[in-house]
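Overview (structure and organization)
This is what each chain is made of:
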Amino acid sequence: MNLPDSPDTPATLDIRGLRLRLPDSARPVLDGVDLTVAARETVALVGESGSGKTLTSRSVLGLLPAGAEAEGSVRVVGDEVLGMSAGQLRILRTSTAAMIFQDPRAAINPMRRVGDFLTESLRLNARMRKEAAQARAVRMLEAVGLSAAALRKYPGQLSGGMLQRVMIAAALMGDPALILADEPTTALDVTTQAEVVALLGELRESFGTGLLFVTHDLGLAAAISDRVYVMYAGRIAETGPAEELFARPRHPYTAALLDSTPRLDAPRGRLAAIEGRPPSLREEVAGCPFAARCPYATDLCRREAPALLPAAGGLPGHLASCHHTDRVRGEAPGGQGLPGRSPAGKESHR
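Within each chain, residue numbers correspond to sequence positions counted from 1 in written order. Local features in this predicted model are restricted to residues whose pLDDT is 70 or higher, and side-chain atom pairs enter the listing and the counts only when it is 80 or higher, whereas totals over whole chains, interfaces and linings include all residues. Side-chain figures throughout are based on the complete set of non-hydrogen atoms in the structure, without hydrogens or water.

Moving on, we come to the nonpolar core. To form a nonpolar core, buried Ala, Val, Leu, Ile, Met, Phe, Trp, Tyr and Cys residues must be joined to one another through side-chain atoms within 4.5 Å. Relative accessibility thresholds used throughout: buried, under 20% of the residue-type maximum; exposed, over 50%; partly exposed, between the two (1.4 Å probe, protein chains only). If you look at the biggest cluster of nonpolar residues, it comprises 34 residues, and the most contacted ones within it are I100, L118, L141, V144, V166, I168 and L200. Helix and strand labels come from DSSP, where a helix needs a run of H or I of at least four residues and a strand needs a run of E of at least two; each type is numbered from the N terminus. Where this core is concerned, the elements lending two or more residues are β6 (97-100), α4 (114-125), α5 (130-143), α6 (160-172), β7 (178-182), α7 (190-207), β8 (210-215) and α8 (218-224). Top contributing element to this core by residue count: α6, with seven residues. In this description, contact between two residues means that some pair of their heavy atoms is separated by no more than 4.5 Å. When neighbours within four sequence positions are excluded, L141 is seen to be in contact with L118, L146, S147, A150, L151, V166 and A169. Judged by nonpolar contacts, the second largest core, of 29 residues, contains L13, L18, V76 and M231.

Laid out in structure tokens, this is it:
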């Protein structure tokens, strides 16, 4: 696992006590989120749809919904993002942090050439000369396995996998310290998905960036990440080293997610599912938000929200927000971890 070089080195991303409330919501959509990413580290943020993963990643760039009220701290390489002016946010998005969106065809203007898409931000915001911007675009395309010929192409002339590589090249154009990847492989076939995952890992090492990988796919999270945060109803339910967390989950929600993950070696029969639904934003939650769906829930769980504390029997850095981590002795199905991560914890896609 990659960590900052010293206690004096600021984390690439450091989120502390982030609370985000939307108009007309009965509870915060993000409720006290703590999350860190170090240089050359890949951190996965996983959970069901609607758990708050995308809002957490977008808050890093100041991309908050209209009317949202944010509290806490979001620091990128030591600089506080919450409260930044429009000009400061423009610099942040141009040179310090970048996002790879889920659907490249929705993020790239189909009427403009790829070269214009790659160079526009540097030319307008960093005042880089056209020739220098194009030269950098060629280097970034080569870094993601594409040739300079792609500069003259329109998005409709490229495959989905090639377009996602263009998106990754665009994220690298400003030499960012942090890359936010929001479901970057959802629309891709399995082979291209594996190629993109391997590419992101290689670029992280080559460019020294921190990578926050947002996904609902636990297999992908296991394949690419050093550490994992599991999110539920706007809170961090569990976090820890990827190999440890996937092999020995200490939160009932994490264990249930692993049980419901499709596997080729799983017993025949109906796929396991988590009964019930997450709490609505129109509902106040007094205790643990997972209590209504949890087989371990007690009156304490329904009355008092658990803090994120060291998990019983877990390794250092393995934390769970559960009153009963000593009772949750879950293992990934079959005790072998998830597909994509070998017993040694190395990515098998590579």
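Two modes of strand pairing occur in sheets, parallel and antiparallel, and in both the strands are linked by backbone hydrogen bonds. Paired strands, as defined in this entry, are two strands with at least two bridges between them according to DSSP. Strands sit in the order β6-β7-β8-β3-β9-β10-β12-β11 across an open sheet of eight strands; the sheet is mixed. Two strands lie at the open edges of the sheet, namely β6 and β11 (309-310), each paired on one side alone. One ladder, built from five bridges, connects β7 with β8; its direction is parallel. What sits directly across from L178, in β8, is G210. On top of the sheet, helix α10 (residues 252-259) reaches β9 (227-232) and β10 (235-241); it is set at about 100° to β9, its chief contact. A fitted line through C-alpha atoms represents every axis, and for helices the fit uses only the stretch in contact; the resulting angles, taken between N-to-C directions, go from 0 to 180 degrees.

Attention shifts here to the pairing of strand β4 (residues 69-76). Relative to β4, strand β1 (residues 13-21) is paired through seven bridges, and the arrangement is antiparallel. Within the sheet, the bridge partner assigned to R19 lies in β4 and is E71. Pairing of β4 with strand β5 (residues 79-80), which is carried by two bridges, proceeds in the antiparallel orientation. Bridge pairing links V76 to D79 in β5. Counted along the chain from β4 to the antiparallel partner β5, the turn is two residues long, and its residue V77 has a positive phi close to 50°.

Once that is clear, we can look at the sheet that holds β1. Spatially, β2-β1-β4-β5 is the arrangement adopted by the four strands of the open sheet, whose pairing is antiparallel. Both outer strands of the open sheet, β2 (30-37) and β5, are each paired with one neighbouring strand and no more.

Looking now at the packing of aromatic side chains. Pairing of aromatic side chains requires ring centres within 6.5 Å, counting the rings of Phe and Tyr and the six-membered ring of Trp. Pairs whose planes differ by under 30 degrees are stacked, by over 60 edge-to-face, and all others tilted. Applying the stated criterion across every chain, the model contains three aromatic pairs. With a centroid separation of 4.6 Å and an interplanar angle of 55°, the aromatic rings of Y232 and Y253 are classed as tilted. Here the residue Y232 occupies a position in strand β9, and Y253 occupies one in helix α10, the gap between them amounting to 21 residues. Per residue, the accessibility class of Y232 equals that of Y253, and both read buried. Through successive ring pairs, a cluster of aromatic residues spans Y232, Y253 and F290.

What counts as a salt bridge is simple: a side-chain nitrogen of Lys or Arg found within 4 Å of a carboxyl oxygen of Asp or Glu. Overall, the coordinates contain 13 salt bridges when judged by the stated rule. Close ionic contact of E120 with R112 constitutes a salt bridge, the shortest N to O distance being 3.0 Å. Notably, a salt bridge pairs R204 with D226, separated by 2.9 Å at the nearest N-O pair. Of this pair, R204 sits in helix α7 while D226 sits in the loop between α8 and β9, and the two are 22 residues apart along the sequence. Salt bridges sharing common partners tie together R19, D31 and R235.

Moving on to the environment of A70. Of note, A70 is situated in strand β4. In this structure, the C-alpha to C-alpha distance between A70 and P28, residues 42 residues apart in sequence, is 9.5 Å. Residues within four places of A70 in sequence aside, it is in contact with R19, L20, L64 and L82.

On to the packing of α4 against α5, then. Viewed as axis vectors pointing N to C, α4 and α5 meet at an angle of 135°, and their least axial separation amounts to 9 Å. The angle between the axes of α4 and α5 places the two elements in the oblique class. The chirality of how α4 crosses α5 is right-handed. Contacts from L118, T119, L122 and R123 of α4 reach α5 at K130, A133, Q134, R136, A137 and L141. Amino acids outside the nonpolar list (Ala, Val, Leu, Ile, Met, Phe, Trp, Tyr, Cys, Pro) and the charged list (Asp, Glu, Lys, Arg) are all regarded as polar, and Gly is one of them. Broken down by class, the residue content of the contact of α4 with α5 amounts to five nonpolar, two polar and three charged. To sort the angles, those under 35 degrees are grouped as roughly parallel, those over 145 as roughly antiparallel, those from 65 to 115 as roughly perpendicular, and the leftovers as oblique. Crossing handedness follows the turn of the near helix against the far one: under a right angle anticlockwise gives a left-handed crossing, and clockwise gives a right-handed one.

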